[in-house]
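# Coordinate analysis (summary)
Below, each chain spelled out in residue letters.
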Amino acid sequence: MMLTLRSFAALALFVMPVAAADPVPKFTAEQVAFYEKDVKPLLVKHCFKCHGEGEKIKGGLSLATRAGAMAGGETGPIVDFKTPEKTPLLLAITNAKPDEIKVMPPSGKLPAADIATLTKWVKEQLPYSTADLGTTEPAAPEKSIITDAAKKYWAYQTVKRPAVPGRGHPIDAFIDAKLASKGLTANGPAEKVALVRRLYFDLLGLPPTPEQLDAFVNDPSPKAYEKLVDTLLASPHYGEKWGRHWLDVVRFAETNGYERDGPKPYAWRFRDYVIRSFNADKPYDRFIREQLAGDELPGDSADAVIATGYYRLGIWDDEPADAKQSLYDGYDDIVTVTAQGFLAMTVNCARCHDHKKDPILQADYYRLLAFFRDIRPYSDNRDVRSSANMTDITPIEKRRTYEGELNERKAKIADLVKEMVKIEDAAIKTMPAEDQRAAEGIDRPQVVAKLGKFFTEAQRREYGRLKRDKEGLERRPMPSQEFALSVNNCDPRPPTVYVLARGNPHAPKEKEPCAPGFPTVLGVPDPAIAKPTGKTSGRRTVLANWIASKDNPLTARVMVNRLWQHHFGRGIVPSPSDFGQLGEASTHPELLDWLAREFVEPTEGQAWSVPGPAWTLKRMHKLILLSNAYQRSSVGNAKNLAADPGNTLFWRFNMRRLVAEEVRDSILAVSGKLKLEQFGPSVYPKIPQEVLAGQSVPGQGWLKTRGGGYDPKDPDAGNRRSVYSFVKRSLQVPILINHDQADTDSSCPVRYTTTVPTQALGMLNGEFTNEMAAAFAKRLIADVPGDRSKQIARAIRLTTGRVPTAVEIAADVAFLDKLAVEAKLAPEPALARYALLLLNANEFVYLD
């Protein structure tokens, strides 16, 4: 008989914890014989497989000894001698509460005689034979994982600015000192074309045009590079590139996942909020507060409300088998993304037990969860436009106008209804008595439905006119309102949060309530939570202020490490969302701390200083980009490769492949098909029918409907930057998913670069690349008509940035001639084949 975690969770609700403390009774010989002859064979047959002895005891419950049975399982005792009828063990075998407690054993309900035997056994206080009594000595208390050594772990220490080991740019001083200690020498600077291409893709995610490359290469000013950095940081396309990095961290998607994968209305506003925030160089501490507690911030800021869409981006099951489990899975998603995204702490590993590697208590997990307990579920039904996740963000001036129009319309409808009721009442008085009585109650609509033959001709005409006017007003489109996916109607007095046994929401440990609090190992005092006075509990503001504090040991370290990661291809801590023991060690801890302190306390007056407010990202970008470390070439060096093949010391720049969005956007850009419009509802790129056929309902949620979708009559509408493409969890654009687009089911801190056959097959044979290659050919013909050599030179410059050699051009012209002769292709189709070749070249999709 296997008592599962779910069954014990439910049973725990009925346990009165008195039996476990009772002394062992003196059992009579008859009772012992009853156990040996009748009870033990039942236990052996139905229970001991899962609840016997050994290491694989299910649910922490052993029935092999009386001591084990009395100790109960992970959720507490399983017997209650004072009220045997409430004994969880008997509730399970009798199936008395099927909605809460699963019948045991799993093979099916026991025969009545066996149930009677076990009932008698419980009523006699679990007699066992002497050999099976077991020990009643309490187990030794477990050692705390919050040790002095754990408290001294580097990530939990206050960030202090270390001394710079040399002169010049501090970043180079730290990097060069580490290289010197290993007897290694850094690479020299990259060639100008490679550097410009690197800079454009790192900051904008787009390729530079030949004209932009030439402008930099031909600028003799020593400030040319710095000027280019400033220009690109000021570009509106900067936020599209760097906002996408943050969208990866917060698992941005526009659908709910699971079988139906329904839409998240207005999720695109959160994406636009992120892009605008990066473009505006919004201080990171403000960015944190808006996402975690925007609805609690003072003022009437639409941005702050939109930012709380952060909480609604995760997967959501619209038909859960266990509603409470689904609720806590939603909170787990929030805890996970918040702790890993802002703090690089894997607090989620402590949902069911203390963290196995880091000093994070199970209670810490639930203390953090308690900050979010005021957030109501995404929806209580399949209505994804519930009042809990939708907020009216219409500007005040516009809201006043439409509210006035709406109130005027309601008043007109009320007047019409009033006149209609007068006519109805007059006609009802001519109806039979039973209808008159029925009209006084809830059956009035049925009575009104029969009024037609009781109206006078004048009443019929007037009633018809009133009804038409009323329906006309009701059908008129509602005034234009602007909504945002957000948190709304929060609970100002959230339910108490308890530690859950094994993470099971049906098994709260009611002796372990958890008030909002911070990880114990950090030694931060418990926060003072003010009594709620508004529409929310105020708890999330407390959490946001702590995370956004410059004294938080993790926040600044985590964010500057993410900046470094996306500029160098790897973080100083290579596991950017896990600074704990399960993550990878920092390769340059002093540099990381220096950057973190510089982030929150900018240095002024030095030759390398970058002016700007604390917590701003563009200042840190420029600081990094002006370093020699960033501007190095990517070429190999035999000695360095032997000593540091992984480039952990940053002696060269890591060559990298373009990420998924950069691949698609670059193809659109060089083909002349990229549309640079910003913001607004997402677009739907064309997806081949073969891919759509893989859906349970082909085309659902993608093809054109009243609510939007791909329109075959306007195929170019989807040719905007990939960050504006609709993100459907169960259906992804082939070229994006083939090139390792972010997994949206959870936070994605790192996009790993895979090399698989589907990438080459898709790039060569895919519908998208072939259509774009044809468009690329048309562009080349339009740019330099009638000159194949110049068309080839233009194509190479657009795709690689460099100026091709005469030998290279001649070889490529010969290739076109060969296509004309052997494949009998006309000039334009031949040029399209050549364009497809360039789009498949490593030089196009890799950065030096």
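What this report covers is the structure whose coordinates are included nearby.

What counts and how
Residues numbered from 1 in each chain as written. Predicted model: local features only at pLDDT ≥ 70, side-chain atom pairs only at ≥ 80, totals over all residues. Heavy atoms only, no water. Helix = DSSP H or I, 4+ residues; strand = E, 2+ residues; numbered from the N terminus. Contact = heavy atoms within 4.5 Å. Lys, Arg positive; Asp, Glu negative; His and termini not counted. Charge placed at Lys NZ, Arg CZ, Asp CG, Glu CD. Expected span 1.5 Å × (residues − 1). Buried < 20%, exposed > 50% of the residue type's maximum accessible area, 1.4 Å probe, protein only. Phe/Tyr/Trp six-rings, centres within 6.5 Å; stacked < 30°, edge-to-face > 60°. Lys NZ or Arg CZ within 6 Å of the ring centre and 35° of its normal. Disulfide = S-S within 2.5 Å.

With that out of the way, let us pick up the overall build of the protein. Along the protein, the regular secondary structure elements total 36 helices and 6 strands. Principal-axis analysis of the C-alpha atoms gives the protein an extent of 105 × 95 × 65 Å. Within the protein, contacts between residues at least 6 apart in sequence are counted, and of these 72% link residues at least 24 apart. When the 114 positive and 106 negative side-chain charges of the protein are each reduced to one mean point, those points stand 1 Å apart.

Here the focus is helix H18 (residues 396-428). Between its terminal C-alpha atoms H18 stretches 46 Å, which fits the 48 Å expected from 33 residues at 1.5 Å a residue. What H18 keeps buried is the set Tyr-402, Leu-406, Arg-409, Ile-413, Leu-416, Met-420, Ile-423, Glu-424, Ala-427 and Ile-428. Contacts from the buried residues of H18 go to strand E1 (390-392), helix H19 (433-438), helix H20 (444-448) and helix H21 (457-475).

Take the packing of aromatic side chains next. Under the criterion given, the structure shown has 37 aromatic pairs. Taken together, a centroid distance of 6.1 Å and an interplanar angle of 35° make the contact between Tyr-284 and Phe-599 tilted. Taken as a pair, Tyr-284 in helix H14 (residues 284-293) and Phe-599 in helix H24 (residues 589-600) lie far apart in primary sequence, 315 residues in all. The residues Tyr-284 and Phe-599 share a single accessibility class, namely buried. Look at Trp-316 and Tyr-378: their rings are 4.8 Å apart centre to centre, the planes differ by 55°, and that puts the pair in the tilted class. Here Trp-316, found in the loop between helix H15 (302-307) and helix H16 (323-343), pairs with Tyr-378, found in the loop between helix H17 (362-371) and E1; they are 62 residues apart in sequence, far enough to count as distant. When the ring centre of Phe-653 is taken as origin, the NZ or CZ atom of Arg-198, which lies over that ring, is 3.6 Å away. The ring of Tyr-378 has Lys-264 lying over it, and the distance from NZ or CZ to the ring centre is 4.4 Å.

Further remarks concern the state of the cysteines. Inspection of the entire model under this criterion finds 0 disulfides. Summary of cysteine pairing: Cys-50 is not part of a disulfide, and the nearest cysteine sulfur, belonging to Cys-47, is at 9.0 Å. Of all cysteine sulfurs in the structure, the one in Cys-349 sits closest to Cys-748, which takes part in no disulfide; the separation is 17 Å.

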